[in-house]
Structure formats: C-alpha cells, structure tokens
Amino acid sequence: MSGLIKKIIPYEIAQGMALTLKVWVKGLFDPFRKQEDRVIVTRRYPKVKRPAQPGFRGLHALARDEKGGMKCVGCGMCAAICPSKCIDIHTAEGPDFKKYVTGYRIEVLRCVFCGLCVEACPYGAIALTEHYEYSGYTRAEFDYNMIRLLENWDKYMGGDKGKKYFENFWTPKKWFFTGGKPVSPVSKIAGGETNAG
Amino acid sequence: MGAIDTLLLVVGVVIKLVVVFAVAMLHVAYATYFERKVIAHMQIRLGPMEVGWHGLLQPIADGVKLLFKEDIIPAKADRHVFMIAPMICFFAATSSLVVFPFFEDFKLGPYHVGGSLANINIGLLFVLAMSSLGAYGVVMAGWASNSKYAFLGGLRSSAQVISYEIPLGLSLVGVMMLAGSLNLTDIVHAQSGMWNIIPQLLGFSVFCIAALAETNRTPFDLPEAESELVAGYFTEYTGFRFALFFLAEYMGMLIMASLGTVCFLGGWNPVPGMEKIIPGGVWWFLAKVYALFFMYYWVRTTLPRYRYDQLMSLGWKVMIPIALANIFLTGLWKVYFA
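Chemist: Lay out the overall build of chain A with the relevant residues and their values.
Modeler: Secondary structure summary: chain A contains 7 helices and 5 strands in total. Listing each helix as α and each strand as β along chain A from the N terminus yields α-α-β-α-β-β-α-β-β-α-α-α. Residue burial in chain A is summarised as follows: out of 197 residues, 20% are buried. Restricting to contacts in chain A with at least 6 residues of sequence separation, those with at least 24 account for 66%.

In structure tokens form, the structure reads like this:
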C-alpha cells in the first residue's frame, strides 16, 4: 500500500525539489553574510585570491644572504638531484682563487615542482616561493637566470618570509640555517648540537 | 468607418505588436539570465557575475556575441531547409503571443484598448496549433543538418511533441468546459471568482508536466540531450541561427507559462483577498508567469533526464489516462453541481 502511495505521489522528486529550494533560499542571503559564513562556495578568482597553503611549491627563487649577495656556492647538488634536469649551473675561478657561480639557470617549464632541490641544497640557497601566477607567450620567458631568480626572492620571499619558509617547511636544515652564515651540517653535528626539528 | 479610423487602427495594432514583441524579447533574454542565476544558486554557485552588476548585462553580451559569430552551413546540408528551420521555430513560438490577454480591456478616451493583440474566439486552439507547428522547425533542422546527432534529436523531438501534445490538449479541455469558451479572455473572466487551479488541480499537474515535455525542457530534454546528442537538433547551427533556436525555446517557455497563467492561475486576476491591496492587472499576470518560469528552473536543476522509453510510457500510460479522467470528472461536476 505504501509503495502504491509512493508511486502516486512522487515522493523522491518532492524531496529533491525541497533540497534545491532550501539551498537556493540559503544562498539568497549570502550577500548579508560574512565571507567565511557564506553558503556559496564559488571564489571569484582574479578578484578574490586564495592564499597559498603553508609549504606551497610555486615559482623558484635563489635566496640572498645578509649582505644581499647570493647564498648559492655552486656545489651543484640541486642540479644533480633534479629529476627533470632543469637546473643548469656554471662556475668559474675568481681572481682570488675562489669558486664563483657565473650562471644559474632554471627552465621552469620543465620543472616538476618536487622540491628535491630545496631539500638537497646544503646552504638553503634555493626556494620555491608561494607565487604561482606567472604566464607568458614564449618559452624564453620561463627560462629564469640568476638575476631573475634573485629578483624572485626579493619579490616573494622578502623580509621574514624566507626565513620562516626554511624554518617551517624544510626542517632537516632548520638547525644550519643561520641567515647569513652557512654552517656545514657536518660541523654542527660534530659540535654536539641536536636536531631541534 | 472612415480612412482615418482604419489608419488609427493599423497604427495602434502595429504599436501594440512592437511593444509586445519587445517586452517578450526582453523577457526571453532575461529568462536566460535568471535561469543561470537560479540554477547556479541552487547548485551553490554564483552564476554570471562579471558583465555588469551581478552579471545583469550578460544576456546582452551573449546576444551581441551570437550576432557577430560566423554563420556556418555544413557543405552536405540541405541549404534551404537548413536556413528556413530556425525561422519556422521562432515564428511558431512568437506568433502565439498574439492571442494572450495580458490585462483586461479598458477604454482610453474614445478608444478601446484590448488586453490582447487579437481577441479571437479560438485563442486556445491557436496557441496549441502554433506550439505544435514549432516541431516542424525542429524536425526540419534535424533532417537538413545531415548529421546523425541532429537527426536523432529531430526524431526524438517529433515523437515527444506528438506524444505530449495529447495530454497537453486534454488537460486544457477541462478548462474549456468550465469556461464554456475557447476565447482566452473569456477563460480569464470565468476565473474571477475562483482560479481554475482548484477545480482543475489534476489538469494543472498534467499541464505542467506536458508543458515541460512540449518545450523540450529537463527532465524531458531528450531532443537536445547534451550528454548523448551534443546539442540535439541544432548541433550544426551557429551564430544567429543558433540564437533563433535558443530564442524559440525560451519563447516556448514564455508561451507555456502564459498559457498556464491564463488557463489555470487566473490570468490578470489578483490573488483572492488581495484585490484591495493590489488591483488586477498586467503585473499579476507577469508575477504568475515568473512563478511558472521559476518552476521550470527549479525542475531543471533538480531532476535528471528521463530515459526515452520512460518518457513515452509516462506520456501514454500515465498522462493521457489522468487527463481523460480529469475530463470525465469535470463533466460529472458540470452536470451535477454547476
């Protein structure tokens, strides 16, 4: 009997209609609600940007030291570990018989954003910033050289941001990231300090 | 009747035609906007927001875009039929507007202003005839496109429209019996005491479902089922020919909503008990049409599409018997109580 009644009265259809009507009425009052209480989930992207989640892996940057120079020493660990082989480093001997990085190039279009280069770097010299809105018309625009990578650091990792980045998300190197002076992890361990992270 | 009077008559009719057509086109354009808005809100989205305040200029932007699009006619298509089909659809949908009474006739000085463009005695029959004429455009479009999707869409549409024309017509028979007339103005006058929706509730439910099928709307949108047939019968159409089909579909919705308003919801009559606050007039008519439009959107956003055999069995095995029973009950009521 109840089956017959359900057949005559479109019960499920009425249920569905009630649901959509409820959602519609709720959404109508959205302009009077605070952003976080809104029912409608659409984010109007270019106008309302979603903040990058902690540890987001975006565009690359080369970290600066305290004097404003480059932290990178040209050891080539990042290039060695890079699975897509998109890092290209050139070094040369300077007049003071020291090793200088003469060229550092990342082809961002080939990068897979695995973050292994950041993990591999013993000096915390390379970072993946939170910036993700970069686009262009040519491949050349995505061929980042040393100068542009350092500019990225200034633009997206300026101030405390860069320090926090390494401290919070790359914990294995937390204890040797000292801002300006790179300290070898080996000497740290030998000095008796423990991994705080 | 002198020459001046004839001229005035012609000018008056032309002005009324232009006004009704313009208002109807505006309604059609904004029906698309509100459809997108309502459906979006029901699906927890925002809908059009970018063009104008809350996307209010979106229909105009869409129309301009369609006007400037390239008009492509497939090489293997039947050219002339292909070009005529959207015009037939649009013409058939729009011409029904002529008979609808939007408000009560009144006198403006010496002139008599009719609530409808043509107060003809077979108004209801005219609407039904014109709405089935639209099926020709659909079938011709499907045939002339020389594409399997369009062809299947056209076939489905013809079968569907034929099946649902019967319950649609039968559901309105009860209304005719109560009013004793096919004249839409008389039908509205007959409802000044009680709207037809109360004695004709069965007929109204059949009418609503049949109207959904008649205008190829979800859950009966099989002729243009996008997940199966790309876009159905207008798959091969582009530019303004596509827009004509689109306009015809929404105009069909407007016609069906107006027909429901006139036949079941009392046309321009106010809600009983509200005559003192808001007197009867075109605003009541529009409010009821909007309510029926909202029903269209609401059903579309909620229900999935019927399978084809389900559609047919619903039409023939459920809708037609109910409509016939409604006629029988109305007849009994007429004989014993009225």
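From this point, the narrative continues.
Chemist: Kindly report on the overall build of chain B, identifying the contributing residues and their values.
Modeler: Along chain B, the regular secondary structure elements total 11 helices and 2 strands. Mapped from its N terminus to its C terminus, chain B presents α and β elements in the order α-α-α-β-β-α-α-α-α-α-α-α-α. What you see for chain B is a C-alpha radius of gyration of 21 Å, in line with the 20 Å of a compact globule of 338 residues. The 338 residues of chain B split such that 44% are buried. Considering only intrachain contacts with a sequence separation of at least 6, the fraction spanning at least 24 residues in chain B is 77%.

Chemist: Give a description of the packing of helix α9 (residues 239-263) of chain B against helix α10 (residues 282-302) of chain B that names residues and reports values.
Modeler: All names here are of chain B. Between α9 and α10, the least distance of the axes is 9 Å, while the angle of their chain directions is 120°. It follows that α9 is oblique to α10 by the angle criterion. In the packing of α9 onto α10, the handedness of the crossing is right-handed. Of α10, the residues touching α9 (which contributes Met253, Ala257, Ser258, Gly260 and Thr261) are Phe285, Lys288, Val289, Leu292, Phe293 and Tyr296. In terms of residue class, the contact of α9 with α10 is made up of 7 nonpolar, 3 polar and 1 charged.

Chemist: Can you break down the interface of chain A and chain B residue by residue, with the values?
Modeler: Facing 14 residues of chain A, the contacting portion of chain B comprises 11 residues. Classifying every residue of the side of chain A that touches chain B gives 9 nonpolar, 4 polar and 1 charged.

Chemist: Can you tell me about the nonpolar core, naming the residues and giving the values?
Modeler: The biggest cluster of nonpolar side chains holds 87 residues, and the ones touching the most others in it are B:Cys89, B:Ala210, B:Met251 and B:Leu254. By residue number, the principal contributor to this core is α9(B), which donates 15 residues. Apart from the residues lying within four places of it in its own chain, the contact partners of B:Met251 are B:Ala24, B:Val28, B:Ala93 and B:Thr94. Residues A:Ala61, A:Cys78, A:Ile87 and A:Trp153 belong to the second largest nonpolar core, which totals 28 residues.

Chemist: Quick one: what's the story with the environment of B:Glu224, residue by residue and with numbers?
Modeler: Residues and elements named next belong to chain B. For Glu224, the location among the structural elements is in the loop between α7 (201-214) and α8 (226-229). The class for Glu224 is buried, based on 23 C-beta atoms found within 10 Å. For the pair Glu224 and Val14, spaced 210 residues apart in sequence, the C-alpha to C-alpha distance is 35 Å.

Chemist: With reference to specific residues and values, describe the pairing of strand β2 (residues 87-93) of chain A.
Modeler: All names here are of chain A. Two elements, β2 and strand β3 (residues 99-107), share 7 bridges in a ladder whose sense is antiparallel. Within the sheet, the bridge partner assigned to His90 lies in β3 and is Gly103. Connecting the antiparallel pair β2 and β3 is a turn made up of 5 residues, with Phe97 showing a positive phi of about 55°.

Chemist: Talk me through the confidence of the model for chain A; I want residue IDs and the actual numbers.
Modeler: Summing up the model confidence of chain A, the mean pLDDT is 79 and the portion of residues at 70 or higher is 83%. Below pLDDT 50 for its whole length, residues 185-197 of chain A participates in 14 contacts with residues either more than four positions away or in separate chains.

Chemist: Outline the sheet that holds strand β5 (residues 143-144) of chain A, supporting the account with residue identities and numerical values.
Modeler: Paired through backbone hydrogen bonds, the strands of a sheet run either parallel or antiparallel to each other. Residue and element names in this part refer to chain A. Strand order across the open sheet formed by 3 strands is β2-β3-β5, with antiparallel pairing between neighbours. Since the sheet does not close on itself, it has two edges, and those belong to β2 and β5, each with one partner. Sitting on the sheet, helix α5 (residues 146-156) touches β3 and β5, and the angle it makes with β3 is about 80°.

Chemist: Tell me about the environment of B:Leu128, and please be specific about residues and values.
Modeler: Counting through the fold element by element, B:Leu128 comes out in helix α4 (residues 123-144). Assessed through the 19 C-beta atoms surrounding it within 10 Å, B:Leu128 is described here as partly exposed.

Chemist: For the pairing of β3(A), give the residues involved together with the corresponding values.
Modeler: Where β3(A) meets β5(A), 2 bridges bridge the pair, whose relative direction is antiparallel. Note on β5(A): the bridge partner recorded for A:Glu107 is A:Asp143.

Chemist: I'd like to hear about the environment of B:Ser116, residue by residue, with values.
Modeler: Residue and element names in this part refer to chain B. Relative to the elements of secondary structure, Ser116 occurs in the loop between β2 (111-113) and α4. Accessibility expressed as a C-beta count within 10 Å gives 22 for Ser116, which makes it buried. Spatially, the C-alpha atom of Ser116 lies 17 Å from that of Gln191, the residues being 75 residues apart in sequence. What Ser116 contacts, discounting residues up to four positions off in sequence, is Val99, Phe100, Pro101, Phe102, Leu184 and Thr185.

Chemist: Mind laying out α7(B), listing which residues take part and the relevant values?
Modeler: Since the α-helix turns once every 3.6 residues, residues separated by three or four places project in the same direction. All names here are of chain B. When the terminal C-alpha atoms of α7 are compared, their 19 Å separation across 14 residues agrees well with the 20 Å that a helix rising 1.5 Å per residue should span. Of the residues making up α7, those classed as buried are Gly203, Phe204, Val206, Phe207, Ile209, Ala210, Ala211, Leu212, Ala213 and Glu214. Just downstream of α7 lies Asn216, where phi reads positive at about 55°.

Chemist: Break down the packing of helix α1 (residues 3-42) of chain B against α10(B) for me, citing the residues and quoting the values.
Modeler: Residues and elements named next belong to chain B. Taken N-terminus to C-terminus, the directions of α1 and α10 make an angle of 45°; their axes are 9 Å apart at the nearest point. On the basis of their axis angle, the class for α1 and α10 is oblique. For the pair α1 and α10, the crossing hand works out as right-handed. Side by side, α1 and α10 meet where Ala31, Glu35, Val38, Ile39 and Met42 of the first sit next to Phe293, Phe294, Tyr297, Arg300 and Thr301 of the second. Taken together, the residues of the contact of α1 with α10 sort by class into 7 nonpolar, 1 polar and 2 charged.

Chemist: Which residues make up unusual backbone geometry, and what are the values?
Modeler: Residue and element names in this part refer to chain A. The backbone of Lys85 sits at a positive phi, close to 55°, despite the residue not being glycine. Among the structural elements, Lys85 can be located in the loop between α3 (77-81) and β2. The backbone of Phe97 shows a phi angle near 55°, a positive value even though the residue is not glycine.

Cut-off values and rules
- Residues numbered from 1 in each chain as written.
- Chains lettered and ligands numbered in written order.
- Predicted model: local features only at pLDDT ≥ 70, side-chain atom pairs only at ≥ 80, totals over all residues.
- Helix = DSSP H or I, 4+ residues; strand = E, 2+ residues; numbered from the N terminus.
- Buried ≥ 20, exposed ≤ 12 C-beta atoms within 10 Å, placed from the backbone.
- Contact = placed C-beta atoms within 7 Å.
- Rg over C-alpha atoms; globule rule 2.2 N^0.38 Å.
- Axes fitted to C-alpha atoms, helices over the stretch in contact; angles between N-to-C directions.
- Parallel < 35°, antiparallel > 145°, perpendicular 65-115°, else oblique.
- Left-handed = near helix turned anticlockwise from the far one by under 90°.
- Nonpolar A, V, L, I, M, F, W, Y, C, P; charged D, E, K, R; others polar.
- Core = buried A, V, L, I, M, F, W, Y, C linked by C-beta atoms within 7 Å.
- Pairing = 2+ DSSP bridges.
- pLDDT = per-residue confidence, 0-100.
- Expected span 1.5 Å × (residues − 1).

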